[in-house]
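Chains, contacts and geometry: an overview
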Amino acid sequence: MDEIKSETTGGWDVYPDRVLIETPIMTVKVGPVLCTRSGRRKEFYRFDCPDWVNIVAVTPEREIVLIRQFRYGSNRIEIEIPGGTIEAAEDPVAAGRRELLEETGYAGDKARIIGRVCPNPAIQGNYCYTVLVEDAQLVAPPTMDEMEDIVTVPMAENEVRAWMREGKIEHGLVLNALMFYFSD
């Protein structure tokens, strides 16, 4: 092997990668990896994405602030919770408060992280944080990005649970966040 090994990780030799494509939302990289057990070498792909945040915002009436928005990947309107990208050097809680306000116009107290997952460790290394915002109330009109068209739908906790069971909420990271909330 002519490349210089960049690291050895538990039976895997990982060599320097190269950028295939850079987009506004991710960088796609490919690099050789050697499985020392089998001696086989193969190129692996990685999507470098920034960390993300999802927000479970709960009103004083114990409603959860859901949103509906079009998703290009699934080509349909999805039922989700507010969320987005954590900016460079931004704290996940601050990002959660910012995204909640921008997408829904809601703000609240006692914001804290209640969970963190790696969305797909096979091809990604980023994290998605779940931030709980309590006593969320509508304080301003939403200030959506130019390519957002979001409808805010506060819903009683028992209805959210029912929608989860019935498969009306299908977004995996949203289901993770709601699992953190309901098991907290």
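Residues numbered from 1 in each chain as written. Predicted model: local features only at pLDDT ≥ 70, side-chain atom pairs only at ≥ 80, totals over all residues. Heavy atoms only, no water.

A word on the pattern of salt bridges
Any two side chains of opposite charge can pair, so long as their charged atoms come close to each other. The full count for this structure, using the stated rule, is 13 salt bridges. Residue Asp-17 is joined to Arg-46 by a salt bridge in which the shortest nitrogen-to-oxygen separation is 2.6 Å. A residue pair is termed long-range when its members are at least 10 positions apart, and Asp-17 in the loop between β2 (12–14) and β3 (18–22) and Arg-46 in strand β5 (residues 40–48) qualify at 29 residues. When its relative accessible area of 32% is taken as the criterion, Arg-46 is described as partly exposed. In this structure, Asp-48 and Arg-46 form a salt bridge, with 2.8 Å as the shortest nitrogen-oxygen distance. Its relative accessible area of 26% is what places Asp-48 among the partly exposed residues. (Salt bridge = Lys/Arg side-chain N within 4 Å of Asp/Glu carboxyl O. Helix = DSSP H or I, 4+ residues; strand = E, 2+ residues; numbered from the N terminus. Buried < 20%, exposed > 50% of the residue type's maximum accessible area, 1.4 Å probe, protein only.)

A look at the sheet that holds strand β6 (residues 52–57)
Pairing is mixed in the open sheet, where 4 strands are placed in the order β9-β6-β11-β10. The open sheet terminates on both sides in strands that have one partner only, identified here as β9 (83–85) and β10 (106–117). Between one strand axis and the next, the sheet turns by 25° as a mean value, whatever way the strands run. Note that β6 and strand β11 (residues 128–138) share 6 bridges and pair parallel. Residue pairing in the sheet places Ile-55 in a bridge with Val-131 of β11. Helix α1 (residues 92–104) rests against β6, β9, β10 and β11 of the sheet, and its axis sits at about 125° to β10. (Pairing = 2+ DSSP bridges. Axes fitted to C-alpha atoms, helices over the stretch in contact; angles between N-to-C directions. Contact = heavy atoms within 4.5 Å.)

Overview of helix α2 (residues 157–166)
Of the residues making up α2, those classed as buried are Val-160, Ala-162 and Trp-163. The buried side chains of α2 occupy one side of the element, clustering within an arc of 160° when seen end-on. Across α2 from its buried face, at more than 90 degrees, point the exposed residues Asn-158 and Arg-165. The secondary structure elements touched by the buried residues of α2 are β7 (63–71), β8 (76–80), β12 (151–156) and α3 (172–183). (Arc of directions from axis to C-beta.)

With respect to the sheet that holds β8
Read across the sheet, 3 strands follow the order β8-β7-β12 without closing on themselves; strand pairing throughout is antiparallel. Strand pairing shows two members of the sheet lacking a second neighbour, β8 and β12, which therefore form its edges. Across the sheet, the mean angle from the axis of one strand to that of its neighbour is 30°, orientation sign disregarded. In this structure, β7 lies alongside β12, joined through 6 bridges in antiparallel fashion. Bridge pairing in β12 places Arg-68 opposite Val-151. Against the sheet, α2 engages β7, β8 and β12, with an angle of about 105° to β12.

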